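Structural characterization, general
Read off the chains here:
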Amino acid sequence: MMNVFLTVGAQLPFPRLIKAVDEIAKEIDCNVIAQIGNDNNVYSNCTAHKFIDSKSYEQLVNWADLIIAHAGMGTIITCLELSKPCVIVPRNVLLKEHRNNHQFDTANKFKELTDENTLLQVCYDTNKLKYYFNQSHSPVTPFINRGAGSIDSLVNKIEELIR
């Protein structure tokens, strides 16, 4: 059985992503633990926690076979450091999920740096998330920064994005 950790950060709820994962969990044999932030919706197919302390967060990342997350840099860096498969889904300002589209900018940059075989995947459409639950599709190579291939170069790229 697949273990999935869903995290949307602690600042804003992301019900579109949580509902999509909750629906998938109804159809697929998997355990989903979700950190949902300030979201008051009821999710019946995952174990939801508004907030998770940092120690528990790291334990859940290590427990998970797959991490699904908003396009937050903290989660991305943690998953890369621990070589954990991660699918990032950016919040959409047009759907009032955030104040601006910086998560799309982040996702777009990582989309350029990854391919279908890397541990980090980008998914813009929650209707396509089920693909990543298919155990026959397991990303097999670590994150590859085309042309460099190291965590140091990744950190440099992240610093460039921040500036």
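Located above this text is the structure these notes cover.
Within each chain, residues carry numbers counting from 1 in the order of the written sequence. Note on the predicted model: pLDDT of at least 70 is required for a residue's local features to be given, and 80 or more for side-chain atom pairs to be given and counted; whole-chain, interface and lining totals, by contrast, use all residues. With hydrogens and water stripped out, all remaining heavy atoms of the structure feed into the side-chain values.

Concerning the pattern of salt bridges
Here, a salt bridge means any Lys or Arg side-chain nitrogen found within 4 Å of an Asp or Glu carboxyl oxygen. Summed over all chains, the structure comprises 3 salt bridges. When the shortest N-O distance is used, the salt bridge between Glu 112 and Lys 109 registers 3.3 Å. Placement of the pair is Glu 112 and Lys 109 together in helix α4 (residues 102–113), with a separation of 3 residues, close to one helical turn. Under the scheme applied here, a residue whose accessible area is under 20% of the maximum for its type counts as buried, over 50% as exposed, and between as partly exposed, the area being computed with a 1.4 Å probe on protein chains only. Residue Glu 112 is classed as partly exposed on the basis of its relative accessible area, which comes to 47%. Helix and strand labels come from DSSP, where a helix needs a run of H or I of at least four residues and a strand needs a run of E of at least two; each type is numbered from the N terminus.

Here's the deal with the side chain of Asp 39
With respect to the helices, strands and loops of the structure, Asp 39 is situated in the loop between β2 (30–35) and β3 (47–49). Polar contacts involving the side chain of Asp 39 include one to the side chain of Tyr 43, which spans 2.7 Å. If we ignore the near neighbours within four places in the chain, the residues touching Asp 39 are Pro 13, Pro 15, Ile 18 and Lys 50. We call two N or O atoms a polar contact when they sit within 3.5 Å, provided that within protein one can donate a hydrogen and the other can accept it, with sequence-adjacent residues counted only if both atoms are side-chain atoms. By the convention used here, residues are in contact when the closest approach between their heavy atoms is within 4.5 Å.

Some details on the nonpolar core
For the purposes of this section, nonpolar cores are sets of buried Ala, Val, Leu, Ile, Met, Phe, Trp, Tyr and Cys residues that join through side-chain atoms within 4.5 Å. Grouped together as the largest cluster of nonpolar side chains are 25 residues, with contacts concentrated most on Leu 6, Leu 17, Ile 68 and Leu 129. Put simply, the parts of the chain that give this core at least two residues each are β1 (2–7), α1 (15–27), β2, β4 (66–70), β5 (86–89) and α5 (130–133). Sort the elements by how many residues they give to this core and α1 lands first, with 6 residues. When near neighbours in sequence (up to four residues on either side) are disregarded, Leu 17 contacts Leu 6, Val 8, Ile 68, Ala 69, His 70, Val 89, Thr 126 and Leu 129. Counting residues in each nonpolar core, the second largest holds 18 residues, with Tyr 57, Ala 64, Cys 79 and Ile 88 among its members.

Focus: α1
Counted at 1.5 Å a residue, the expected span for α1 with its 13 residues is 18 Å, and the 19 Å between its end C-alpha atoms agrees. Taken together, the buried positions of α1 are occupied by Leu 17, Ile 18, Ala 20, Val 21, Asp 22, Ile 24 and Ala 25. Buried residues along α1 sit against β1, β2, β4, β5 and α5. One fewer than the residue count of a helix, multiplied by 1.5 Å, yields its expected span.

Shape descriptors only; they carry no functional weight alone.
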